[in-house]
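The lines below spell out each chain.
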Amino acid sequence: MTFKASIITLYPEMFPGSLGLSLAGNALEKDTWQLETTNLRDFGKGKHANVDDTPAGGGAGMVLRADVLAEAIDATVDKEDIRPRLLMSPRGKPLTQERVRELSQGGGVVIVCGRFEGVDERVIEERDLEEVSIGDYILSGGEPAAIILLDAIVRLLPGVMGNDESGETESFENGLLEHPPYTRPAEFEGKTIPEILTSGNHGKVDEWRKLQSLELTKSRRPDLLETQPGTPTHIMPALPVTDLLDGVAFYRDTLGFSCVFLDEGGTAVLQLGKVELHLWLSNDESWKSRDLNEKQIVSGAETFIAGTHSCRIEVNDVFALYEHYKKLRCLHPNAQAPEKKPWDATEFGILDPYGNLIIFFEWL
Ligand SMILES: C[S@@+](CC[C@H](N)C(=O)[O-])C[C@H]1O[C@@H](n2cnc3c(N)ncnc32)[C@H](O)[C@@H]1O
């Protein structure tokens, strides 16, 4: 079955564009995939075939009309057409290699290219459009985004790449970035190829590549590692409180956390941004007998003694948070303004009513 891409656009002349060259172009010529365009202008309204209008509620720019786009979609796809209907949109789910592979395994795609300030929301809902983003930046129209999406899909169609294996070992296919490649000359500006690659030992080469791939991913895209099986993804410190409801009230009303789980008999889960804390009911009040003003030396630095429990929360503007808490008058009398520490962090701490020390810090 030939993969069929139908593009709905105000600029059909932008296609096939770069898709008419190289791998995608050869595949198009061989009918491995087909491309058709629908010109939105053909469905425009009035003497000037208008496709856009001013935004309801006011504001800058124009909006693509729902009726115009709906008619263009209906003229392009019939009821039996089960191809996914995609709308290129910066508000969409970010495109991933996984989604690209899924799409390449279907019979084709219908792609709507947005323009202006966007598309009337009603047509997105009524024609079941899946919004797809190619990244966190704004293009002037959906056409270049559609070309990128199709380029990624077409190269995965059977027979398009000379060596099918090279598609499967590439970045993102196994959740990692690809290892660095080398080729001739053996020496370039004084730099040689890593010896292992010319050793002829395929086992060792594979091992080296896997390690490189992992190290590169760790340093450049640690977020990708979260999808590796067994990778810890989140930490939730558990702090003891002797009164659960009062504890929740302190973290909620004073520090701004939301309570997302509460079992009055024992535990509560609190959330602020990506941070989660677990409070658990304890009857140990021994920390109360300690002098919280007393100082001790920890790792060469002077700190206040708190209860036995503490946690460190990284924030993105420690000074702003300090000022915010200061305004709310919720800083502990011992709390000092954020200060630079020898371990390259600027931080301040507060004590909760149960002696738990919460340190907010920012790496320098
Ligand atoms: C100027 S943009 C509209 C942006 C819109 N006002 C917003 O802030 O979300 C016009 C069109 O370009 C396309 N576009 C822009 N950036 C995109 C991206 N990152 N991914 C996919 N499509 C994009 C969309 O089709 C969009 O409707």
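To keep things clear, this report deals only with the structure shown in the data block.

Reading guide: rules and limits
Residues numbered from 1 in each chain as written. Predicted model: local features only at pLDDT ≥ 70, side-chain atom pairs only at ≥ 80, totals over all residues. Helix = DSSP H or I, 4+ residues; strand = E, 2+ residues; numbered from the N terminus. Buried ≥ 20, exposed ≤ 12 C-beta atoms within 10 Å, placed from the backbone. Pairing = 2+ DSSP bridges. Axes fitted to C-alpha atoms, helices over the stretch in contact; angles between N-to-C directions. Contact = placed C-beta atoms within 7 Å.

**Side note on the overall build of the protein chain**
Right, on to step 1. In terms of helices and strands, the protein chain carries 10 helices and 19 strands.
Right, on to step 2. The C-alpha extent of the protein chain, read off along each of the three principal axes, is 80 × 65 × 40 Å.
Right, on to step 3. Counting across all 364 residues of the protein chain, residues that qualify as buried make up 24%.

**A short note on the sheet that holds strand β13 (residues 275-281)**
Right, on to step 1. Read across the sheet, 4 strands follow the order β10-β13-β12-β11 without closing on themselves; strand pairing throughout is mixed. The open sheet terminates on both sides in strands that have one partner only, identified here as β10 (238-241) and β11 (258-263). Taking the axes of each pair of neighbouring strands and ignoring which way they run, one obtains an average angle of 25 degrees across the sheet.
Right, on to step 2. Where β11 lies against strand β12 (residues 267-272), 5 bridges are found, and the strand directions are antiparallel. Within β12, the residue paired with C259 across the bridge is L270.
Right, on to step 3. Against the sheet, helix α9 (residues 244-254) contacts β10, β11, β12 and β13, and its axis sits at roughly 160 degrees relative to β13.

**Regarding the environment of G355**
Right, on to step 1. Looking at the secondary structure, you find G355 in the loop between β18 (345-351) and β19 (357-363).
Right, on to step 2. Overall, the presence of 22 C-beta atoms within 10 Å leaves G355 in the buried class.

Spatial relationships are all this shows, so hold off on functional conclusions.
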